[in-house]
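# Fold and contact review
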Amino acid sequence: MRRYEPLPRAASAQSPVFRSEPVHWASLEEFLAAGSHPDGIHVIGEGPAQQVEIMLGGDPFASGGATAIVIFSGAVTQRTEKIPPFFSGSGMAAVLGHPYVAVADTSLELSSSIGLAWYSGNSMFDQSDALRRLFTPLAEQKGEDLWLVGGSAGGFAALNLAHLLPRHPSVFTWNPQTDLIEYSREHVVEYATSAFPIPPHELAGDDYKQVLRAAFSYFGRRHTVLDDLPNQGPGRLVYLQNASDWHLTRHCIPYMNAHGYVQAGSSPRKWCSSGSFDLLMVRR
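To keep things clear, this report deals only with the structure shown in the data block.

### Things to note about the overall build of the chain
Helices and strands together make up the secondary structure of the chain, namely 7 helices and 11 strands. A globule of 284 residues ought to have a C-alpha radius of gyration of about 19 Å, and the chain, at 18 Å, matches this closely. By its C-alpha atoms, the chain is 55 × 50 × 35 Å across when sized along the principal axes. Across the chain, every contact between residues at least 6 apart in sequence was considered, and the portion connecting residues at least 24 apart equals 68%.

### Notes on the packing of helix H5 (residues 185-195) against helix H6 (residues 208-219)
Following both chains from N to C, one finds H5 and H6 inclined at 35 degrees, their axes separated by 12 Å at the closest point. When you trace H5 past H6, the crossing you get is left-handed. Across the interface between the two elements, Arg 185, Val 188, Val 189, Tyr 191 and Ala 192 from H5 touch Tyr 208, Leu 212 and Phe 216 from H6. Taken together, the residues that form the contact of H5 with H6 break down as 7 nonpolar, no polar and 1 charged.

### With respect to the pairing of strand S6 (residues 146-151)
Of all 6 residues making up S6, 6 are buried, and the element is well covered by its neighbours. The alternating pattern of S6 places Leu 146, Leu 148 and Gly 150 and Trp 147, Val 149 and Gly 151 on opposite faces, both of which are buried. As defined by bridge partners, strand S4 (residues 68-72) adjoins S6 across 4 bridges and the pair is classed as parallel. If you follow Ala 68 over to S6, its bridge partner there is Leu 146.

### Observations regarding the nonpolar core
Ranked by size, the top nonpolar core spans 70 residues in total, and within it Phe 72, Leu 134, Phe 135 and Leu 148 carry the most contacts. Looking at this core, the element that brings in the most residues is helix H4 (residues 153-164), giving 8 residues. Look past the residues within four positions of Leu 148 in its chain and what remains in contact with it is Val 70, Phe 72, Ala 158, Leu 161, Ala 162, Leu 165, Pro 169, Ser 170, Val 171 and Phe 172.

### Focus: the packing of aromatic side chains
Evaluation of the coordinates by the stated rule reveals 16 aromatic pairs. Ring geometry for Tyr 4 against Tyr 218: centres 5.3 Å apart, planes inclined by 70 degrees, an arrangement best described as edge-to-face. Of this pair, Tyr 4 sits in the segment before strand S1 (23-25) while Tyr 218 is found in helix H6, placing the two residues 214 residues apart along the sequence. Relative accessible area serves as the criterion here: at 5%, Tyr 4 is assigned to the buried category. Residue classification places Tyr 218 among the partly exposed residues on the basis of a relative accessible area of 25%. Members of the aromatic cluster, each reached through a chain of ring pairs, are Tyr 4, Trp 118, Tyr 183, Tyr 191, Phe 196, Phe 216, Tyr 218, Phe 219 and Trp 246. One residue, Arg 185, lies across the ring of Tyr 208, its end atom 3.9 Å from the ring centre.

### Quick word on the side chain of Thr 224
Topologically, Thr 224 is positioned in the loop between H6 and strand S8 (237-240). For Thr 224, the side chain forms a polar contact with the main-chain oxygen of Thr 178, separated by 3.4 Å. Engagement of the side chain of Thr 224 in a polar contact is seen with the backbone nitrogen of Leu 226, the distance being 3.0 Å. Leave out the neighbours within four places in its chain, and Thr 224 touches Phe 156, Thr 178 and Asp 179.

### Some points on the pattern of salt bridges
For the structure shown, the criterion picks out 8 salt bridges. Across the salt bridge formed by Lys 209 and Glu 182, the nearest N and O atoms sit 2.9 Å from each other. Of this pair, Lys 209 sits in helix H6 while Glu 182 is found in the loop between strand S7 (170-174) and H5, placing the two residues 27 residues apart along the sequence. Arg 213 is the salt-bridge partner of Glu 182, the closest N and O atoms lying 3.2 Å from each other. Of this pair, Glu 182 sits in the loop between S7 and H5 while Arg 213 sits in helix H6, placing them 31 residues apart in sequence.

### Re the side chain of Asp 105
Along the chain, Asp 105 falls in the loop between strand S5 (100-103) and helix H3 (127-142). Among buried Asp, Glu, Lys and Arg side chains, Asp 105 stands out as unpaired, with Arg 79 the closest opposite charge at 9.5 Å. A distance of 3.3 Å separates a polar side-chain atom of Asp 105 from the backbone nitrogen of Trp 118. Within polar-contact distance, the side chain of Asp 105 engages the backbone nitrogen of Tyr 119 at 2.7 Å. Sequence-distant contacts of Asp 105, that is, excluding residues within four places in its chain, are made with Ala 117, Trp 118, Tyr 119 and Gln 127.

Parameters at a glance
Here the residue numbering is sequential within each chain, running from 1 through the sequence in written order. It should be noted that, the model being predicted, local features are given only for residues of pLDDT at least 70 and side-chain atom pairs only at 80 or more, the latter also being counted only at that level, while totals for whole chains, interfaces and linings use all residues. Based on all heavy atoms of the structure, the side-chain values leave hydrogens and waters out of the count. The numbering of helices and of strands both runs from the N terminus, where a helix is a DSSP run of H or I of at least 4 residues and a strand a run of E of at least 2. In this description the radius of gyration comes from C-alpha coordinates, and the expected globular size is given by 2.2 Å times residues to the power 0.38. It only takes one pair of heavy atoms within 4.5 Å for two residues to be counted as in contact. Orientation is described by lines fitted to C-alpha atoms, with helices fitted over the stretch in contact, and by angles between N-to-C directions that extend from 0 to 180 degrees. Handedness of a crossing is defined here by the sense of rotation of the near helix relative to the far one, left-handed for an anticlockwise turn of less than a right angle and right-handed for a clockwise turn. Residues are sorted three ways: Asp, Glu, Lys and Arg are charged, Ala, Val, Leu, Ile, Met, Phe, Trp, Tyr, Cys and Pro are nonpolar, and all the rest, Gly among them, are polar. Only protein chains enter the accessibility calculation, which uses a 1.4 Å probe; a residue is then buried when its area is under 20% of its type maximum, exposed when over 50%, and partly exposed in between. In short, DSSP must find at least two bridges between two strands for them to pair. To define a nonpolar core, start from buried Ala, Val, Leu, Ile, Met, Phe, Trp, Tyr and Cys residues and group those joined through side-chain atoms within 4.5 Å. Stacked, edge-to-face and tilted labels apply to pairs of Phe, Tyr and Trp rings (six-membered ring for Trp) whose centres lie within 6.5 Å, assigned for plane angles under 30 degrees, over 60, and everything in between, in that order. Only when the NZ atom of a Lys or the CZ atom of an Arg is both within 6 Å of the ring centre and within 35 degrees of the ring normal do we say a charge sits over the ring. Two N or O atoms form a polar contact when they lie within 3.5 Å of each other; inside protein one atom must be a possible hydrogen donor and the other a possible acceptor, and for residues adjacent in sequence the pair counts only when both atoms belong to side chains. Here, a salt bridge means any side-chain nitrogen of Lys or Arg that lies within 4 Å of a carboxyl oxygen of Asp or Glu. When charges are counted, Lys and Arg are positive and Asp and Glu negative, with His and the chain ends excluded.

Spelled out as structure tokens, the structure:
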């Protein structure tokens with residue numbers, strides 16, 4: 001197997017700039033041990049690209065069994081003009097009136113050219129596992145009343161966490177990727193060469209997908225929600241997919257097939273066409 005040297009400790013191309021003074025926590029354990037958490041931004045961990053950055057509203061970790069929402073961001077456009085962290089969904093959560101957590105993808109701090117990183121982490125930091133550890137107590141409290149929400153790259157993160165967390169949290173997603181290596185080559189290569197020590201010339205050939213799969217495997221980072229997952233998943237799944245979008249055949253249908261959904265019929269796992277949404281899938 002090809003061996004990679006880890007990237008050096010992140011100097012960060014863009015140190016995060018917070019809109020308000022964050023609350024800092026040394027570790028996930030320290031954060032979770034606290035009895036309550038104020039609204040606002042919380043930073044947990046060691047530094048740029050190696051920490052968890054979240055925005056809280058309504059103290060979801062102390063809200064018992066009440067419905068709570070965890071929101072993941074999609075691609076950041078005009079990336080070079082913007083400085084992380086990037087949080088999405090606080091306005092939507094405020095309208096719905098439920099406690100929420102908006103999650104930043106901290107690997108975007110590695111380079112001003114990365115617009116999406118699928119919350120998969122980098123060679124120094126397994127963000128997917130950190131989020132699993134952070135949200136496990138929330139999932140244990142709430143079960144299906146914990147909603148994981150996101151589209152595109154944020155949809156990948158929501159589906160991934162739904163399969164890793166206990167008690168079958170629910171998912172609302174739209175046009176998600178289900179295997180990031182099957183996304184746009186340009187964006188995947190940009191992420192991979194910035195977040196992992198993969199020389200660009202190794203991804204210049206027709207075998208770039210095989211190289212990427214080997215590198216993700218080497219570092220233990222998840223790139224797909226189609227296989228190698230615990231035998232669990234969303235308690236309720238609302239999956240919106242534009243039927244005319246190439247994601248239908250490359251991402252949506254492979255996910256449905258991989259996890260036992262069938263088209264229409266009387267199965268409790270079903271997917272069907274539905275008017276203005278083009279394709280609506282619901283598990284209940």
